[in-house]
Every structure is written in structure tokens, then in C-alpha cells.
Amino acid sequence: MNHRLLAHAEQTTRRIAARALRALEHHPRQVTAAIAAVLLGGGGGAFAVANFGPDAAQVPVREVVEVVQPLPLAAQVEALDLQALRLFRSDTVRSTDTVETLFSRLGLNDAAAAAFVRNDAVFRTQVMGRNGRGVSVEADGQQGLLKLVARWVPDNDGTFKRLVIERGYDHKLTSRVETAPLVATARLGGGTIRSSLFAAVDDARIPDEVAMQMADVFSARIDFHRGLRKGDRFQVVYETLEADGEPMRTGRVLSAEFVNNGKTHSALWFQEPGKKGAYYSLDGKTLASLYLASPMQFSRVTSGFAMRMHPILQQMRAHLGVDYAAPVGTPVRVVGDGTVEFAGWQGGYGNVVHIKHNGSDTTVYAHLSRIDVRKGQRVTQGQNIGAVGATGWATGPHLHFEFRVNGVHKDPLSIARNAEGAPLTAEARPAFDKLVGAMRLKLNAAANLATVASAE
Ligand SMILES: [Zn+2]
């Protein structure tokens, strides 16, 4: 046995351990981020992947050191000599990154590889400058690049691209782009509202998109803009679209339970064969409504603004609408299908849009900074028709919204509550009930997770 080699091996092992320790010190808490999505076995097969949410902005930084299998000492020494160690490291690109700063965070010190990626057209366009994009590398013990992988989702066609830059046995670097299907996995989450819904989802590491979807799902039952209470709580099961296990996008909310002001509301996504999918309460009542309860999507921006009354108009006459305070430019959406009856300037209303939904129902959206529709145009529920402004008699930027039935002003929330969409058919009921059983288990698991998290 060669003593010098042994000493070398021992040193290398010590170096691996030191590196692993350093890695743990730098990124200690990432391990806890992996939520028990494993709990979710069956029951998910009925769902199709449909909604692609916005890019997952932040991919957690991960750092893993390969576990080395114990080998006979001679083989071990040989293995260490051949490929002393492979270090796996991941990080996310920052918009200000140069190849050097990115490589240095990834623990690489490899001038030849830096030159190679700088000349790689795909790396230049799909990695550099792409804030938040994940990059993972394998490096050797001399901080040389062995393999680099970056993934992204170019379209909503259910696939992702994978850039692989790899050093071959001849030590030459090659670059290739592969296409592979995204995999939908179900995740659980839950939380309690202490200050706001967005603070609660932040605490639970649930994406914003999930909070916004929940607000839409329950919009006819819960007023997310004005009716949330401290102590309200929720559990949710939602899809995450993954590329090689890396979360890329938020998919659809599959089921949720929301306790608002002591009352429990539940929702389950269900699609009857040959029909459009929709949300139902767990007892089978439809949650779909001909009208959305709010013309403003519940978001981080709109949720932070307290609702105010309308001082100028109020002095002129009784206030006949609902005011939503929000920054100029916040999108305004139409609450139901219909036709644009008026789009233009109208005295105290400023820029205003009137939508006729049927023989009796009209909605009005006033003080807009911008109008995106024309008179006579058909619009569909949820479509953007303009943006919040302060035109006409408005002391500050807000949306003034009215719901009129035969010319008489009504409360939009009670209208939304009473304008139910199509109910579940009798034929679909057995399949629906089976799904409810599976979902209850998952929601209970989410509730337990939330309890554990809040006890920490
Ligand atoms: Zn108003």
C-alpha cells in the first residue's frame, strides 16, 4: 500500500467533510422547505394540468454533497484519484450577474468553462440576465466544471427546456438543449391569518398565485377585500409543475377549505367528462357564479389598501356603489359575460365603462385611467376592461363599481352569491363523492401540517 496515496486520500476526505460543513453553514434551513408532498398518493389522477401560473420567482438555493459509498480502500483511493469528488451546487441567477459572479457563487473557478459558456448562445440568452432562474452544477475537487444544467418553461404546452453543458471524457465541453414534460405534483399548505392573507401564505411558503386563486374560488362566499378576520384559517391542496423535481410554476388549486369569521367554506376542482371543470363545495354545490364578487383581482397590491368612501360624490347624493382603493394602473376586470354599452367620459364618473350582461343587469366601472374596450364589444367574465385611475370626481385613485338590476343599485356580493352557475349532474355524483373522500384526507393532513408549523 502506498502511504503517500493514503495520506492524500485522508486529506481529500477531510476536505470533502469541511466543504460539506461549510455548505450546511451557508444554507442551513433549506432542508426544512421540502413539504410533505409525499403524503399525496392517489386521488390526483382525475385532474388535468391546465392553468400555468407565473414563473416561480424564487427557487430555493440547494447545495448537496454526494454521499460516497464505502469501497475497499484500494478502490477508494483509485476513485478519489480519478474523480476526487463531485460537488453538486445550485443557485439562482441575479439580473446583475456576470459569468464570473455566477460561477463564484456556484463554487467554480474554471476559466476555460467560463469562456465556453460566455460563447454559448443558449446560455447567453436563457441564463444570463434571467433573474431567479435556477442553475445547478457539478464540479470536481479543483473547482472545475463537470456539468451545468439550467431549466426553463418557454410556453404553456406542458414541457420545459433543459440546457446541459457537460465535460466529456476527452475533457471537451459540449452544450445541448433537451425538451421534457413538466410533472404536476400536489402540495399541501395551510395557515392562519394574523395580519393579512399574503402574510399568512408567506409564513407557510405558499405561492402568491395560490392565494389569488383561493380568493377567486371563494369570491362569491367570502369578501377577501373587506371581510377577512384575524384568526381566519385555511388549508389548500394545489399543483406545482416541476422540471426534474425543481418547482417551475404554480398550477391549479385542487381543493381548499377556508374558515372565515367562524364559518367553514370548502372547494374542490372537479371536471365532468366532456365539460368545463369548475369548483364545488365538498357537499356538491357549485361555487361558480355568473358574476365575480369583485371587479379587482385580489392581489398583494389591492389587498394592502383599505376601502374608503367617496367624499365628493357622497356630498352630491347617496353613495350607490362600492369603492376599491388601489394604485393608478391596477387592472379592472369585468365581473360577468356581456357587451360594452358605453365606454368613454361621463361627468363625475370620468372615464367609465358600462357593461350590459342581459335584459336586466348592468355593471359600471368608473374613474378609470385607461379604457381597453370599445362600445359594442363582447367581453367575458374576468377580462380586463381598463385600469384604476382618478378621473372625474375622485379625490384619489380608486375604482367606483356599481351593479344595477333594471336600473336599481344592488350589492354586488349578494348578486354574486345568488347567481349560481350550473350544478353538478346526478351522473357525476358518484365520481365526485369519491374524490371528496380522497381530498378530505389531504385537507386534514394540510391542517395538521399548519398546526405543527404554527407550534414551532
Ligand atoms: Zn364611489
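You'll find the structure just up there.
Residues numbered from 1 in each chain as written. Predicted model: local features only at pLDDT ≥ 70, side-chain atom pairs only at ≥ 80, totals over all residues. Heavy atoms only, no water.

S.K.: How should I be thinking about the packing of aromatic side chains in this particular structure?
M.R.: The geometry of an aromatic ring pair is captured by two quantities: the separation of the ring centres and the angle between the planes. All chains considered together, the criterion is met by eleven aromatic pairs. Aromatic pair F218 and F258: ring centres 6.1 Å apart, planes at 65 degrees, arrangement edge-to-face. Separated by 40 residues along the polypeptide, F218 in the loop between α7 (208–217) and β8 (233–243) and F258 in strand β9 (residues 246–260) bring together distant segments of the chain. Across this residue pair, the class does not change: F218 and F258 are buried. Between Y280 and F432 the ring centres are 5.8 Å apart and the planes differ by 75 degrees, which places this aromatic pair in the edge-to-face class. With Y280 in strand β11 (residues 278–280) and F432 in helix α11 (residues 429–455), the pair connects residues that are 152 residues apart, well separated along the chain. The same class applies to Y280 and to F432, which are both buried. Taken together, F198, F218, F224, F234, F258 and F298 form an aromatic cluster joined through their ring pairs. When the ring centre of W269 is taken as origin, the NZ or CZ atom of R252, which lies over that ring, is 3.5 Å away. (Phe/Tyr/Trp six-rings, centres within 6.5 Å; stacked < 30°, edge-to-face > 60°. Helix = DSSP H or I, 4+ residues; strand = E, 2+ residues; numbered from the N terminus. Buried < 20%, exposed > 50% of the residue type's maximum accessible area, 1.4 Å probe, protein only. Lys NZ or Arg CZ within 6 Å of the ring centre and 35° of its normal.)

S.K.: Before we go on, may I ask you to explain the pairing of strand β15 (residues 351–356) in this structure?
M.R.: Put simply, side chains in a regular strand alternate between the two faces of the sheet. In terms of burial, β15 is largely enclosed, as five of its six residues are buried. Pairing of strand β14 (residues 338–345) with β15, which is carried by six bridges, proceeds in the antiparallel orientation. Pairing of G344 across the sheet is with V352, part of β15. Connecting β14 to the antiparallel partner β15 that follows it, the hairpin turn spans five residues, and G347 within it adopts a positive phi of roughly 45 degrees. The turn linking β15 back onto strand β16 (residues 361–368) is made up of four residues. (Pairing = 2+ DSSP bridges.)

S.K.: Could you clarify how one ought to interpret the nonpolar core in this entry?
M.R.: Here is a general trend for soluble globular proteins: nonpolar side chains tend to be buried in one another's company. Formed by 27 residues in total, the largest nonpolar core has its most connected members in L197, I206, F218, F224, F234, V236 and F258. Among the elements of the structure, α6 (197–203), α7, β8, β9 and β10 (263–270) are those that each provide at least two residues to this core. Setting aside its immediate chain neighbours within four residues, L197 contacts A211, F224, L228, F234, F258 and F298. (Core = buried A, V, L, I, M, F, W, Y, C linked by side-chain atoms within 4.5 Å. Contact = heavy atoms within 4.5 Å.)

S.K.: Got a minute to help me understand helix α4 (residues 111–118) in this structure?
M.R.: For the α-helix, the turn length of 3.6 residues means that residues three or four positions removed from each other point alike. Those residues of α4 that fall on the buried side of the exposure criterion are A113, A114 and V117. Down the axis of α4, the buried side of the element spans an arc of 105 degrees, and every buried residue falls inside it. Turned more than 90 degrees off the buried face of α4, the exposed positions are A111 and A112. Tucked inside the fold, the buried residues of α4 contact α3 (99–105), α5 (121–126), β4 (145–152), β5 (159–167) and β6 (173–181). Where α4 begins, the capping side chain belongs to D110, and its oxygen is found 3.3 Å from the backbone nitrogen of A112. (Arc of directions from axis to C-beta. Polar contact = N/O pair within 3.5 Å; in protein donor to acceptor, adjacent residues only side chain to side chain.)

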